[in-house]
Amino acid sequence: MKKILFLPKYPRMGASSRLRTYQFLPLWEEAGYGVRVASFFNGGYLKDVYGQRRPSVWNVLGCYFRRFWVLMGAWRYDLIWVEKELFPYLPAWAEWLLAKLGPGYVVDYDDAVFHRYDTQGNYLVRNLLGRKIDRVMARAKTVFAGNEYLAQRAKAAGAKSVILLPTVIDPNRYRKKEAHASGKVWIGWIGSPSTLKYVKAIKQELEEVCREANAGLLLVNGHDGFSFQGDLKMIPWTEAGEVEAILQMDIGIMCLPDNEWERGKCAYKLIQYMACGLPVVASPVGMNVEVVRNGENGFLAAGSAEWKEALLTLVRDAGMRKRLGEKGFELVQERFTLKGNFEVMRGEVRGQSGF
C-alpha cells in the first residue's frame, strides 16, 4: 500500500485545509492509499483567531515543534503532500531536505501566500523570505494551483509541473433551491469573520437596494459588530449547516478589491452559491471572472453603480434569478466537483515514478 502524509496548515475547521485536503481523504482511502494527516496549527489556535484573540505564543511554538517531530518520520511515506509551506515565517530549509534527502513532496495553493512575504512591510521578512514560496514551488514534484494567478507564479518560479486545481464542492452535499416569485429576496454572503470587511465595502449599496426593493441581507458567519440599516439575518456557520444556510439566500455575493492578495482567491463562495442554484454578483477580480459568465449565470460588478444595478435587477426579476441560477448549477456540475478534482490529483501522483 502506498502511503501519503498530508500536511495541511489547519485542522478541519480551517476552510482552506478542509476543502483542499480533508474532503478528499475518503477518496484516497477508497482508492487503496494509506493516509495520515498532521496539520500545522491546531484547533486552539483557530479558536483564538476566529474569536479575534491573540493566539498563545506557547501554543504556536508547540505547533512548530509538532511539525518538526512529524517530519522526522517522513521517510516512512511514499509522498508528502504540503499545503502552502512546512514552517510559516521560516526559510524553506525543510522543503529542501525533503526534496534532496526525503521522498519529495507536492505542494498545494489556494491563496497567494507568497504575498505574505514579498509585500511584507517588515524589511527583514521581505528580504529574507520574499522568494521563499518560489523556492518551495521550484523544489516540489508538482504544484497544484487553485487558479491561473497562482499557476503563473509557480511557472515563473521554475516549478517542474503545475496543475490547475480549483477549489470544489461535493455535489452530494448540495441541492438546488426551490425558486419563489414573491416575498422578500435575501441577498446572501458566506465567509470567515475576517473577510466580512469585503461586505462592508458595499454596505451602502446593499442598504440602498434593501430600501428600494423588497430585499434583506443574510450573513453566514458574520459577527455581532456588523451594523446594517435594513433587514439583516445572521446565521452562525457550521460545516453541517452551511448548505441549509445558503439555501435561505436568493442571490449570492462576492465583493473583492483588485489587490494582489485577492487575485489569488479561488472563488469558492461563488461555486457554493451556484451549487445551490443561486445567481451571483461578484467583483471582476481573480478567478471570479473565470466562474461568472456575465449575464449568463450572474453579473460582474466593478463599482458602486454596477453593484446596485445588478442587485436591483435580480431582486426584481424572479425569472432571471431562476435562469441564471440554473446556468450556474450546470457549470458547477461540469467543472467544480470533488470527483473531478480527485481524478486529476490521482492521475498526477500515479504518473510519478514508483507511485
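Residues numbered from 1 in each chain as written. Predicted model: local features only at pLDDT ≥ 70, side-chain atom pairs only at ≥ 80, totals over all residues. Heavy atoms only, no water.

What follows concerns the overall build of the chain. The number of helices and strands found in the chain is 18 helices and 12 strands. Scaling as 2.2 N^0.38, a compact globule of 355 residues should have a C-alpha radius of gyration of about 20 Å, and the chain matches this with 21 Å. Based on the C-alpha atoms only, the size of the chain along its principal axes is roughly 65 × 40 × 35 Å. Burial status across the chain gives 54% buried among its 355 residues. A separation threshold of at least 6 residues defines the contact pool for the chain, and within that pool the share at least 24 residues apart is 69%. (Helix = DSSP H or I, 4+ residues; strand = E, 2+ residues; numbered from the N terminus. Rg over C-alpha atoms; globule rule 2.2 N^0.38 Å. Buried < 20%, exposed > 50% of the residue type's maximum accessible area, 1.4 Å probe, protein only. Contact = heavy atoms within 4.5 Å.)

A word on the sheet that holds strand β6 (residues 162-164). By definition, the strands of a sheet pair up through backbone hydrogen bonds, in either a parallel or an antiparallel sense. In spatial order, the strands read β2-β1-β3-β4-β5-β6; together these 6 strands make up an open sheet with parallel pairing. In this open sheet, the two strands that pair with only one neighbour each are β2 (34-37) and β6. Averaged over all adjacent pairs, the angle separating strand axes in this sheet is 20 degrees, with direction ignored. Judged from the 4 bridges that link them, strand β3 (residues 79-83) and strand β4 (residues 105-109) form a sheet pairing that is parallel. Counted as the bridge partner of V82 is V107 from β4. (Pairing = 2+ DSSP bridges. Axes fitted to C-alpha atoms, helices over the stretch in contact; angles between N-to-C directions.)

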